[in-house]
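# Observations on the three-dimensional arrangement
If you want the building blocks of each chain, they are given just below.
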Amino acid sequence: MATGHNSLRIVGGRLLDGLGGEYATTSLLIRDGQVVAVGEDADRAAADQVIDATGCVVSPGFVDLNCNLREPGNGQKGKIATETRAAAKGGYTRVCASPETSPVNDSGAVTHLIVDNAALDSPIQVSPLGALTRGLEGELLSDMAGLVAAGCAALSNGSRPVANARILRRCMAYAQTFGFTLMLTPLNQALAADGYAHEGRVATRLGLLGIPEVAETAAVMEMLLLAEDTGVRLHLSQLSTARSVAMVAEAQRRGVAVTADVAMQQLVFTEEALAGYDSRFHVRPPLRTEADRQALLAGVRDGVITAIVSAHQPHDSAAKQAPVGATEPGLSTIESVLSLGLKLVEAAELTLPQLVAGITTGPARVLGISNGLTAGAVADVCVFDPAARWSADETTLLSSGKHAPILQQPLPGVVRHTLCRGQVVWSAD
Amino acid sequence: MTHDPYSHALQLTADGQLRHFLTLDGLGKDLLTDILDTADSFIEVGERTIKNVPLLRGRTVVNLFFESSTRTRSTFELAAKRLSADVLNLDISTSATSKGESLSDTLLNLEAMASDMFVVRHSQSGAPHFIAESVTPGVAIINAGDGRHAHPTQAMLDMLTIRQRKHNFEGLKVAIVGDILHSRVARSQIRALNALGAAEIRVIAPATLLPSDIEALGCRVEYNMVEGMRDLDVVIMLRLQRERMAGALLPSEREFYRLYGLSQDKLALANPGCLVMHPGPINRGVEIESAVADGPQSVILNQVTNGIAVRMAVMSMAMSGQVEERSRLRQESGAL
């Protein structure tokens, strides 16, 4: 893993610092895990190792706010070792680990286990997310301060809603006391019921059980009002509807401390992906309409949505091999996020700087981390070739989950090198 | 109307013949008419003393019912036997899958029995698609009802019943009344009526029993049954499950019957000679008044008879599609 080199120069690449700055063929000098110089200063200094980034983009390492590593407890679906290696190949230098493990990450002991295992097995940084309520059951507060002290980056409800608004309000008030960030996936479970697809024309055509748009928007509205009431720092995870984006934008205009993310799959696919009963596209929240997709893209472009997440959910093959309604939700995405994003860039739906900000500095800011590529920053770096093509299949995917969104087709974007704290943790060559 | 190109490729051979029968989505008027004509020819078989024809002799048909059903399964069994097939009935709802075996594993076991056709009923929408994708080439899959998605043989036997009385579909105004939301039958009927050229298809129900965007399948929503009965040529009543009251979809059977039940009064609003249909089993006094169900305009029992003929038609057509495709593939690989 370690290269043994103290200093390293990346030359010839197009530098996107994730902060809006963009430089053609600029060098970056890294020493002892830090960026020490950018541009001509970097060219002048001596370096032990040189990476030729000609034709490549040099960006901050990617940061994921929503990733399932499946450890502890679900080794048949994934492990820290496999999923973080897949993440490094995908360009990531930090992933937030969902609290939905077995046992749930609702105590300092589980957090310590994840942190310790990551120190042994992960080439990249792992930031655990603590469970907001005990067992994620939505009834009792978890030991929030204990979880954060043990290393949790924020507190989350995973994909399990807190049904009782009184308890949610108390979670927020308690978290606000200590200045913790809540990362909540908005869903009204009573409205979602047994649904597993967007309630709309495709679900009606295929006879799938629908999750109505209002199952999300009713929860977004409730969360925004409660956040405003309690003053908590709220981050809404995985918005899927146009109306949610509008409500978040309105709250932001009024000064509510709310940020939001969207899963890359929501920006690329719609409900139509389920035609033919492709159970890979059974995801939560469900893929919705083209109008929703357009509004989510606009939300990213306008800065209402500051982070694009992987929502990586590795599964064993049996979990996905059944009629759609009998399968488990989620795609294996961590190795495909960059490629899907570049397809959006190729389609002129996002600019390259918007994409890079959405997967680097945007999510980092939600975690209170600064990661722009400037002198003095931690050297978490991704070097990717946006024009190179690869194809996802059983053999190329490192994740235990082989149900990537686009399989056996040429995809743009190959990560040449991923550097975490100055160490090369992935090289394609 | 939206079509699913995916189902089209899965259930038709390269030259447009049936090889599976999963959904009516994407099937054209010619093919549906072909099914009805073939079924007509089998009705004559049912009237003979010796009712068998040898079209599926030596073939094994497995009735794979993951959801229990007596009527549909019996007519499929009878249809397969009249085609001279060997029939195996497997009621999976009480066996393997309830012991935790996955659908894929159940299929692997069944394939070892060298069957030629699976007739599948499953509570999950898309289960027959899933099975059609996973079975060995050459095995035909017939959908006998999947979740809320489709029940194509039921819809085709309804079309046969309509054609026997009305002779063609052009100009026909048809209403489907009741629990559209949970009905795979209604979805397949809407497909079939559109493909065959019906003039107007209305779905009549309260909003709680209508799926969202149902209009996209090619029908018009009508909340008021009194309005909806006007100028009708055919009215199809759907079965109402008792558990719909518990799910807060309806207040009571009594109120449902008053507003959406087919009484003689409401039937009098339709065109004279309007056919009354019901896929069965009927709830007298819930969806339909006894006098209407047993009355002169009711063709409910004809529907049952036609069920055997339509299933014989679909089974024989899918089997011959598989056989022809196999011989075509063999020729192609031989030519290489």
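Residues numbered from 1 in each chain as written. Chains lettered and ligands numbered in written order. Predicted model: local features only at pLDDT ≥ 70, side-chain atom pairs only at ≥ 80, totals over all residues.

## Notes on the overall build of chain A
- The helix and strand tally for chain A stands at 14 helices and 18 strands.
- The C-alpha radius of gyration computed for chain A amounts to 21 Å, which stays within 12% of the reference 22 Å derived for 429 residues, consistent with globular compactness.
- Projected onto its principal axes, the C-alpha coordinates of chain A cover approximately 60 × 50 × 45 Å.
- Residue pairs in contact within chain A that sit at least 24 positions apart in sequence constitute 74% of those at least 6 positions apart. (Helix = DSSP H or I, 4+ residues; strand = E, 2+ residues; numbered from the N terminus. Rg over C-alpha atoms; globule rule 2.2 N^0.38 Å. Contact = placed C-beta atoms within 7 Å.)

## Let's talk about the overall build of chain B
- Each helix and strand counted, chain B has 13 helices and nine strands in total.
- For a compact globule of 336 residues, the expected C-alpha radius of gyration is about 20 Å, and chain B comes in at 20 Å, within 12% of that figure.
- Going through the 336 residues of chain B one by one, you find that 47% of them count as buried.
- A separation of at least 24 residues holds for 75% of the contacts in chain B among residues at least 6 apart in sequence. (Buried ≥ 20, exposed ≤ 12 C-beta atoms within 10 Å, placed from the backbone.)

## Section: the sheet that holds strand 6 (residues 62-67) of chain A
All names here are of chain A.
- The strand order across the open sheet formed by eight strands is 6-7-8-9-10-13-14-15, and the pairing between neighbours is parallel. Each edge of the sheet is formed by a strand with only one pairing partner; in this case those strands are strand 6 and strand 15 (307-309). Adjacent strand axes in the sheet meet at a mean angle of 30° when their direction is disregarded.
- For strand 8 (residues 125-131) and strand 9 (residues 154-156), the ladder comprises three bridges, and the chain directions are parallel. Within the sheet, the bridge partner assigned to Leu129 lies in strand 9 and is Ala154. (Pairing = 2+ DSSP bridges. Axes fitted to C-alpha atoms, helices over the stretch in contact; angles between N-to-C directions.)

## Considering the interface of chain A and chain B
- At the interface, 19 residues of chain A touch 25 residues of chain B.
- Ranked by residues supplied to the side of chain A that touches chain B, first place goes to helix 7 (residues 201-206) of chain A with four residues.
- Per-class residue counts for the side of chain A that touches chain B are nine nonpolar, seven polar and three charged. (Nonpolar A, V, L, I, M, F, W, Y, C, P; charged D, E, K, R; others polar.)

## Notes on the nonpolar core
- Among the nonpolar cores identified, the biggest contains 236 residues, and Leu28, Leu155 and Leu182 of chain A together with Ile142, Val177, Val235 and Met315 of chain B are the most heavily contacted of them.
- Ranked by residue count, the leading element in this core is helix 13 (residues 300-335) of chain B, at 11 residues.
- Once you skip the residues sitting within four places of it in the chain, Leu182 of chain A turns out to touch Leu132, Ala154, Leu155, Met172, Ala175, Val232, Arg233, Leu234 and His235 of chain A. (Core = buried A, V, L, I, M, F, W, Y, C linked by C-beta atoms within 7 Å.)

## Brief notes about helix 2 (residues 80-89) of chain A
All names here are of chain A.
- Helix 2 sits mainly inside the fold: nine of its 10 residues count as buried.
- When helix 2 is considered as a whole, its buried residues turn out to be Ile80, Thr82, Glu83, Thr84, Arg85, Ala86, Ala87, Ala88 and Lys89.
- Tucked inside the fold, the buried residues of helix 2 contact strand 6, strand 7 (92-97), helix 3 (108-121), strand 8, strand 17 (410-420) and strand 18 (423-427).
- Gly91 sits one or two residues past helix 2 and shows a positive phi near 100°.

## Looking at the sheet that holds strand 9 (residues 275-277) of chain B
Residues and elements named next belong to chain B.
- Read from one edge of the open sheet, five strands run 7-6-5-8-9, paired in parallel fashion. Whereas interior strands pair on both sides, the edge strands pair on one side only; in this sheet they are strand 7 (220-222) and strand 9. Between one strand axis and the next, the sheet turns through 20° on average, direction left out of account.
- Relative to strand 6 (residues 200-204), strand 5 (residues 173-177) is paired through five bridges, and the arrangement is parallel. Residue pairing in the sheet places Val174 in a bridge with Ile201 of strand 6.

## A short note on the domain arrangement of chain A
Residue and element names in this part refer to chain A.
- Taken domain by domain, chain A consists of domain 1 (7-58 + 377-397 + 410-427) and domain 2 (61-366).
- The partner domain 2 presents 25 residues to the 21 residues of domain 1 that form the contact.
- Broken down by element, the residue count for the side of domain 1 that touches domain 2 peaks at seven residues, all from strand 17.
- Partitioned by chemical class, the residues of the side of domain 1 that touches domain 2 number 15 nonpolar, four polar and two charged. (Domains from an automatic or database assignment.)

## Quick notes on the domain arrangement of chain B
Residue and element names in this part refer to chain B.
- Taken domain by domain, chain B holds domain 1 (5-151 + 306-335) and domain 2 (153-303).
- Spacing between the C-alpha centres of domain 1 and domain 2 amounts to 27 Å.
- Contacts between the two partners involve 24 residues from domain 1 and, on the opposite side, 22 residues from domain 2.
- The set of elements that each furnish at least two residues to the side of domain 1 that touches domain 2 consists of helix 2 (29-46), strand 4 (140-146) and helix 13.
- Counting residues per element, the side of domain 1 that touches domain 2 draws most heavily on helix 13, at six residues.
- Per-class residue counts for the side of domain 1 that touches domain 2 are 11 nonpolar, seven polar and six charged.

## Details of the packing of helix 12 (residues 337-346) of chain A against helix 13 (residues 352-359) of chain A
Residue and element names in this part refer to chain A.
- Relative orientation of the contacting elements helix 12 and helix 13 amounts to 150°, with a least axis distance of 9 Å. Classified by the angle their axes make, helix 12 and helix 13 are roughly antiparallel. Handedness of the helix 12/helix 13 crossing: right-handed. Seen from helix 12, the contacting residues are Val337, Gly341, Leu344 and Val345; seen from helix 13, they are Leu352, Leu355 and Ile359.
- Residue classes in the contact of helix 12 with helix 13 are distributed as six nonpolar, one polar and no charged. (Parallel < 35°, antiparallel > 145°, perpendicular 65-115°, else oblique. Left-handed = near helix turned anticlockwise from the far one by under 90°.)

## Examining the confidence of the model for chain B
- Per-residue confidence for chain B averages 91 on the pLDDT scale, and 96% of its residues sit at or above 70.
- Of the two predicted TM-score estimates for the complex, the pTM is 0.94 and the ipTM is 0.91. (pLDDT = per-residue confidence, 0-100.)

## Some thoughts on the pairing of strand 2 (residues 22-31) of chain A
Residues and elements named next belong to chain A.
- As judged from the seven bridges shared by strand 1 (residues 7-16) and strand 2, these two strands associate in the antiparallel manner. By the bridge assignment for strand 2, Leu8 is matched with Ile30.
- The loop that links strand 1 with its antiparallel partner strand 2 comprises five residues; one of these, Gly18, has a positive phi angle of about 80°.
- Bridge analysis of strand 2 against strand 3 (residues 34-38) gives four bridges, and the strand direction is antiparallel. Within strand 3, the residue paired with Arg31 across the bridge is Gln34.
- The turn joining strand 2 and strand 3, which pair antiparallel and follow one another in sequence, is formed by two residues; a positive phi near 50° is taken by Asp32.

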